[in-house]
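Spelled out from the first residue to the last, the chains are:
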Amino acid sequence: MTDLLAIAGLKLSSRLILGTGGAPSLEVLDQAVESSGTEMVTVAMRRVDPGTEGSLLDVLARRGVRVLPNTAGCYTAADAVLTARMAREALGTDLVKLEVIGDDRTLLPDPVELLDAAEILVADGFAVLPYTNDDPILARRLEQTGCAAVMPLGSPIGTGLGIRNPHNIALIVESVSIPVVLDAGIGTASDAAQAMELGCDAVLVASAITRAREPALMGSAIADAVRAGRAARQAGRIPRRYWARASTSDDGRAEF
Amino acid sequence: MRVSLNGTACEIAEGDSLQEVVASLGRGARGLAAAVNGEVIPASQWPSYRLSPGDRVEVLGAAQGG
């Protein structure tokens, strides 16, 4: 059975997008890419180190994964738009994971700047995947702006606190018809499974894999969790009940 | 003539193009983008793009993160 993720005009068989931040070395990152089975990997744009050739891109090219540039570290719409345009020029892709943060303690998105930047980039022909708050109304506004997906956070970047407001994630899934990618906050495999059970189309994971004690093992664990959560969502969970309900019939019960 | 290259003051020859300034970083042009004073300059224009004193040049490439 093929169950492809359709996102930004692409069809991907893996619903796990990998972030590259936090990996202690390119070797570890390479192993995480392989073990996670990811087909899309996000990279930041930074001032080049004189003399070092683009070995990160070489690693990703060898693995045949698609590169999703991001605007990590931008605090204003203007900076994010310029960074996205430079990423397009450098990497030859219209895809951008749009990140506009409000402060460096929470790294939470600045919704006003985010929406401004999304409008400009959509008009400029980008396929915009915005990292956004877990706010269904904002998600809808981003969809109306023409974004290719929304990427709500489970909890602040790098905290590993999981999905703090699962109800809002469920509301976002019901509120928009573009793909929903749970981004940020995943700490371990069960968080990724929960995101998929809530109806997310994919998850983006960086720190939980790259900073795990065994990144390659966590990469495969989270890939399994994404598949399990997706299957459980499609299978349809039973409703929650207050009181117990016997699974065994009373018919034929002995009376001693 | 003095310009700023990735935040560092940098002395370049009069008439140096953006191409030469990017090349001074010691790596190929592959996977890089350049902006001058907040404006992206496509790689195809680097050879003919003449810098002026005080120009702020940013050269970015893909890095781990996000």
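Structure: see above.
**Q** Which parts of the structure should I look at to understand the environment of Ala78(A)?
**A** As for its placement among the helices and strands, Ala78(A) is situated in helix α3 (residues 77–91). Each C-alpha atom of the pair Ala78(A) and Val100(A) lies 9.8 Å from the other, and the pair is 22 residues apart in sequence.

**Q** Would you explain the nonpolar core in this entry?
**A** Among the nonpolar cores identified, the biggest contains 59 residues, and Leu98(A), Val203(A) and Ile222(A) are the most heavily contacted of them. Non-local contacts of Ile222(A), meaning those with residues more than four positions away in its chain, are made with Leu16(A), Ile186(A), Thr188(A), Ala189(A), Ala192(A), Val205(A), Ala208(A) and Ile209(A).

**Q** Whenever I open this one, helix α5 (residues 136–145) of chain A confuses me. Can you help?
**A** Given 3.6 residues to a turn, an α-helix orients residues that are three or four positions apart in the same direction. Residues and elements named next belong to chain A. Along α5, the residues that are buried comprise Pro-136, Leu-138, Ala-139, Leu-142, Glu-143 and Thr-145. Contacts from the buried residues of α5 go to α4 (111–123), β7 (127–132) and α6 (166–175). The N-cap of α5, judged by a side-chain oxygen 2.8 Å from the amide nitrogen of Ile-137 a few residues on, is Asp-135. One or two residues past the end of α5 sits Gly-146, with phi positive at roughly 105°.

**Q** Please explain the pairing of strand β3 (residues 32–36) of chain B as it appears in this structure.
**A** A regular strand carries its side chains on alternate faces of the sheet. Residues and elements named next belong to chain B. Across the five residues that make up β3, a large majority, five, are buried. Burial of the side chains of β3 extends over both faces: Leu-32, Ala-34 and Val-36 are buried on one face and Ala-33 and Ala-35 on the other. Summarising the sheet, β3 and strand β5 (residues 56–63) pair through five bridges and their orientation is antiparallel. Within the sheet, the bridge partner assigned to Ala-35 lies in β5 and is Glu-58. Inspection of the sheet shows β3 paired to strand β4 (residues 39–41) by three bridges, in the antiparallel sense. When the bridges of β4 are listed, Val-36 appears paired with Glu-39. Adjacent in sequence and paired antiparallel, β3 and β4 are bridged by two residues, among which Asn-37 carries a positive phi angle near 50°.

**Q** How do you make sense of the interface of chain B and chain A when you look at a structure like this?
**A** How big an interface is tends to be expressed through the accessible area that disappears when the partners come together. With 26 residues of chain B in contact, the opposing surface of chain A contributes 33 residues. Summing both sides of the interface, chain B and chain A together bury roughly 2400 Å²; the carbon and sulfur share of this comes to 59%. On the chain B side of the contact with chain A, Arg27(B), Gln64(B) and Gly66(B) bury the most area, a combined 27% of that side's loss. Measuring nitrogen to oxygen at the nearest pair gives 3.0 Å for the salt bridge that ties Arg30(B) to Asp58(A). Across the contact surface, chain B and chain A share 12 residue pairs in polar contact (both at pLDDT 80 or more).

**Q** Would you mind showing me how to read the packing of α5(A) against α6(A) here?
**A** Between two packed helices, what matters for the description is the angle formed by their axes and the separation of those axes. Residue and element names in this part refer to chain A. Axis separation between α5 and α6 bottoms out at 9 Å; the angle between their running directions is 30°. Relative to α6, α5 is oriented roughly parallel. Read as a crossing pair, α5 and α6 show a hand that is right-handed. Contact residues: Pro-136, Ala-139, Arg-140 and Glu-143 in α5; Asn-168, Leu-171, Ile-172 and Ser-175 in α6. Across the contact of α5 with α6, the residue classes tally to four nonpolar, two polar and two charged.

About the cut-offs
- Residues numbered from 1 in each chain as written.
- Chains lettered and ligands numbered in written order.
- Predicted model: local features only at pLDDT ≥ 70, side-chain atom pairs only at ≥ 80, totals over all residues.
- Heavy atoms only, no water.
- Helix = DSSP H or I, 4+ residues; strand = E, 2+ residues; numbered from the N terminus.
- Core = buried A, V, L, I, M, F, W, Y, C linked by side-chain atoms within 4.5 Å.
- Buried < 20%, exposed > 50% of the residue type's maximum accessible area, 1.4 Å probe, protein only.
- Contact = heavy atoms within 4.5 Å.
- Polar contact = N/O pair within 3.5 Å; in protein donor to acceptor, adjacent residues only side chain to side chain.
- Pairing = 2+ DSSP bridges.
- Buried area = accessible area lost by both parts, 1.4 Å probe.
- Salt bridge = Lys/Arg side-chain N within 4 Å of Asp/Glu carboxyl O.
- Axes fitted to C-alpha atoms, helices over the stretch in contact; angles between N-to-C directions.
- Parallel < 35°, antiparallel > 145°, perpendicular 65-115°, else oblique.
- Left-handed = near helix turned anticlockwise from the far one by under 90°.
- Nonpolar A, V, L, I, M, F, W, Y, C, P; charged D, E, K, R; others polar.

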